[in-house]
Number of protein chains: 2
Amino acid sequence: MSPSTIQASGSRRRSTQAERSARTRTALLQSAARGLSRYGYGNLVLEQVARDAGYTRGALYHQFTGKKDLALAVVEWVDETWWREVGGLVDQQPGPVAALIALARGHAIYCRRDVASVAMALRLEFSGQDHPVGREVERISKTLVKRCARLINAGRRDGSIPPGPPAKAVALAFVGALEGAVIALAGQAPHDELLAARAAAGVLGLDSPAGT
Amino acid sequence: MSPSTIQASGSRRRSTQAERSARTRTALLQSAARGLSRYGYGNLVLEQVARDAGYTRGALYHQFTGKKDLALAVVEWVDETWWREVGGLVDQQPGPVAALIALARGHAIYCRRDVASVAMALRLEFSGQDHPVGREVERISKTLVKRCARLINAGRRDGSIPPGPPAKAVALAFVGALEGAVIALAGQAPHDELLAARAAAGVLGLDSPAGT
DNA sequence: GCATTCACGTACATACACGTCTGTATGCTA
DNA sequence: TAGCATACAGACGTGTATGTACGTGAATGC
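As a starting point, this report considers the structure included with it. Values in this document were obtained by computation on a predicted structure and should not be read as measured data.

**Considering the overall build of chain A**
Reasoning step 1: Scanning chain A from N- to C-terminus turns up 9 helices and 0 strands.
Reasoning step 2: Overall size of chain A, expressed as C-alpha extent along the three principal axes, is 60 × 45 × 30 Å.
Reasoning step 3: Across chain A, contacts joining residues at least 24 apart in sequence account for 67% of those joining residues at least 6 apart.
Reasoning step 4: When the accessible area of chain A is evaluated, it comes to approximately 10,600 Å², of which 52% is carbon and sulfur surface.
Reasoning step 5: Seen as two clouds, the 27 positive and the 19 negative side-chain charges of chain A have centres 4 Å apart.

**A closer look at the protein's contact with DNA strand C**
Reasoning step 1: In the vicinity of DNA strand C lie 20 residues, with Thr24 and Thr56 of chain A together with Leu44, Arg57 and Tyr61 of chain B positioned nearest.
Reasoning step 2: The protein-proximal atoms of DNA strand C, defined as those within 4 Å of the protein, are 71% sugar or phosphate.
Reasoning step 3: One of the side-chain nitrogen or oxygen atoms of Thr56 of chain A is found 2.7 Å away from a phosphate oxygen of DNA strand C.
Reasoning step 4: Mapped onto the surface near DNA strand C, the elements with two or more residues apiece are α1 (16–39) and α3 (57–63) of chain A together with α1 (16–39) and α3 (57–63) of chain B.

**Observations regarding the protein's contact with DNA strand D**
Reasoning step 1: Inspection of the region around DNA strand D gives 19 residues, with Arg57 and Tyr61 of chain A together with Thr24, Thr56 and His62 of chain B positioned closest.
Reasoning step 2: In DNA strand D, atoms within 4 Å of the protein come 74% from sugar and phosphate.
Reasoning step 3: Here Ser21 of chain B contributes a side-chain N or O atom positioned 3.4 Å from a phosphate oxygen of DNA strand D.
Reasoning step 4: At 2.8 Å, a side-chain N or O of His62 of chain B approaches a phosphate oxygen of DNA strand D.
Reasoning step 5: Elements with a contribution of two residues or more to the surface near DNA strand D: α1 and α3 of chain A together with α1 and α3 of chain B.
Reasoning step 6: For the surface near DNA strand D, the per-class residue count stands at 6 nonpolar, 10 polar and 3 charged.

**What about helix α9 (residues 191–204) of chain B?**
Reasoning step 1: Helix length check: α9 of chain B, at 14 residues, gives a terminal C-alpha distance of 20 Å against a target of 20 Å (1.5 Å per residue), a fit within 8%.
Reasoning step 2: Of all 14 residues in α9 of chain B, 12 are buried, a share of seventy percent or more.
Reasoning step 3: What α9 of chain B keeps buried is the set Asp192, Leu194, Leu195, Ala196, Ala197, Arg198, Ala199, Ala200, Ala201, Gly202, Val203 and Leu204 of chain B.
Reasoning step 4: The inward-facing, buried residues of α9 of chain B contact α8 (167–185) and α9 (191–204) of chain A together with α5 (96–110), α7 (132–157) and α8 (167–185) of chain B.
Reasoning step 5: The first or second residue beyond α9 of chain B is Gly205 of chain B, which carries a positive phi of 90 degrees.

**A short note on the interface of chain B and chain A**
Interfaces are often sized by the accessible area lost when the parts come together.
Reasoning step 1: Listed by partner, the interface residues are 39 residues for chain B and 39 residues for chain A.
Reasoning step 2: Carbon and sulfur atoms supply 64% of the area buried between chain B and chain A, which totals about 3,000 Å² over both sides.
Reasoning step 3: Area buried by chain B at its contact with chain A is led by Leu124, Pro165 and Arg198 of chain B, which between them contribute 19% of it.
Reasoning step 4: Between chain B and chain A we count 0 salt bridges in total.
Reasoning step 5: At the junction of chain B with chain A, the criterion picks out 7 residue pairs in polar contact (both at pLDDT 80 or more).
Reasoning step 6: Looking at the side of chain B that touches chain A, the elements that each hand over two or more residues are α1, α6 (118–126), α8 and α9 of chain B.
Reasoning step 7: With 11 residues, the top contributor of residues to the side of chain B that touches chain A is α8 of chain B.

**Regarding unusual backbone geometry**
All names here are of chain A.
Reasoning step 1: Note the cis peptide between Ala189 and Pro190, where omega equals 0 degrees.
Reasoning step 2: For Ala186, which is not glycine, the phi dihedral falls at a positive 50 degrees.
Reasoning step 3: Turning to its location among the elements, Ala186 is positioned in the loop between α8 and α9.

**Things to note about the packing of aromatic side chains**
Residue and element names in this part refer to chain A.
Reasoning step 1: The tally for this structure, following the rule as stated, stands at 4 aromatic pairs over all chains.
Reasoning step 2: Aromatic pair Trp82 and Trp83: ring centres 5.1 Å apart, planes at 80 degrees, arrangement edge-to-face.
Reasoning step 3: Since its relative accessible area comes to 24%, Trp83 is described here as partly exposed.
Reasoning step 4: When the ring centre of Tyr41 is taken as origin, the NZ or CZ atom of Lys67, which lies over that ring, is 4.8 Å away.

**Details of the environment of Pro162 of chain A**
Residues and elements named next belong to chain A.
Reasoning step 1: Along the chain, Pro162 turns up in the loop between α7 (132–157) and α8.
Reasoning step 2: On the accessibility criterion, Pro162 (28% relative accessible area) is partly exposed.
Reasoning step 3: Sequence separation between Pro162 and Ile152 is 10 residues; the distance between their C-alpha atoms is 9.4 Å.
Reasoning step 4: For Pro162, the contacting residues outside a window of four places in its chain are Arg156, Leu204, Gly205 and Leu206.

**What to know about the side chain of Thr81 of chain A**
Residues and elements named next belong to chain A.
Reasoning step 1: Among the secondary structure elements, Thr81 is positioned in helix α4 (residues 67–91).
Reasoning step 2: Overall, the relative accessible area of 9% leaves Thr81 in the buried class.
Reasoning step 3: Setting aside residues up to four positions removed in sequence, Thr81 forms contacts with Val86 and Tyr110.

What counts and how
Residues numbered from 1 in each chain as written. Chains lettered and ligands numbered in written order. Predicted model: local features only at pLDDT ≥ 70, side-chain atom pairs only at ≥ 80, totals over all residues. Heavy atoms only, no water. Helix = DSSP H or I, 4+ residues; strand = E, 2+ residues; numbered from the N terminus. Contact = heavy atoms within 4.5 Å. Areas by Shrake-Rupley, 256 points an atom, 1.4 Å probe, with all protein chains shown as cover. Lys, Arg positive; Asp, Glu negative; His and termini not counted. Charge placed at Lys NZ, Arg CZ, Asp CG, Glu CD. Near = heavy atom within 4 Å. Polar contact = N/O pair within 3.5 Å; in protein donor to acceptor, adjacent residues only side chain to side chain. Nonpolar A, V, L, I, M, F, W, Y, C, P; charged D, E, K, R; others polar. Expected span 1.5 Å × (residues − 1). Buried < 20%, exposed > 50% of the residue type's maximum accessible area, 1.4 Å probe, protein only. Buried area = accessible area lost by both parts, 1.4 Å probe. Salt bridge = Lys/Arg side-chain N within 4 Å of Asp/Glu carboxyl O. Phe/Tyr/Trp six-rings, centres within 6.5 Å; stacked < 30°, edge-to-face > 60°. Lys NZ or Arg CZ within 6 Å of the ring centre and 35° of its normal.

Laid out in structure tokens, this is it:
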């Protein structure tokens, strides 16, 4: 954060202070992500988050301004890693159908870690509320749904996806079914990947995918 | 509850006391069901539940022994109505595939009311916990999954469902995808029904259903 | 080398919600 | 109609979790 990350090139003196801070911050973030995924926002107890990370609430309140800020940071962090790990995979697919199926498979694999259901848990918890965390989650979710809707429209234009309900509704169901299936399977490799792909293909109105 | 439901056959004197009690009880149940679906168990505020039903916490604590008891009653009530409205529909289908698709469509329709996501919300909230409400929800969920697994096995035996991952995993994904899709669509009739059926068929490995 | 800043721990204040208790009005019974 | 039971409202006490203020030791800058 502060502009004190400057490090003289020749010196080997490690910036222990900054490193230390960064380590605790990521430890707290991971712990909070697990906690949010497991218990949701309201049930999340900050003392337990800190303990699980090996610190106390003092450290937490030093790194984050409060619970809200912590949750927002977690959401942002999860979103970032998701786009890096899954979104990238989607981009390098030849067509919209391949992209959507890759998204499903990638999401299943991404969710094998314990941070799986943080998005759906928070979205459910804040649905129809005005909490800033809920708004952020909603915003991220909308972005994903919109992207899926665009892919669906593209697939329909080139004939690879059959017609059906409005692309927006299909995209909503696509994301919902995908998340639901993956959460229900709770990282039961290797079936999670195939079943996620099946659910995704099904929502799109495609025939059962040949693979595996 | 009490054995005072006795009513002299000839007498027309309506048991207004019992009726009144029953009305408030169901009003509180409905309000609590909405609340649980919206906010989950931990975030559910009993005063708001009572207010939404037109009463105060006094009435609530008169009808139920506490929050836990209220939640259990809601879960039982939702489960009961679900089996009556959806489960019955499933039973009268000719084959396992028809039964599973009917289940999907029926669930979508059932969830058009605001009690949609009470099951998934509570399951998420209590996943990996030891709360009695969580145990009950888990038990109910397992029952449904087992039933789906049996239908899947039956369908595989008669060839109407292609092979794939273990029936148990498929059933888990089936229920999960179904719930996820329906919640995401949030009762957007009429597409919810079709898309639920599509997701269901997809998980089973069936080709896209012809209907609509 | 010393003052300062930073990372973190500890102790306190506050808020919120659950559960309990007591009060009151309305229906039931004799 | 008198007396009791029931349905419900309101007030109180308590536990718990958040946020804040303060204290400590180590690292950094002069």
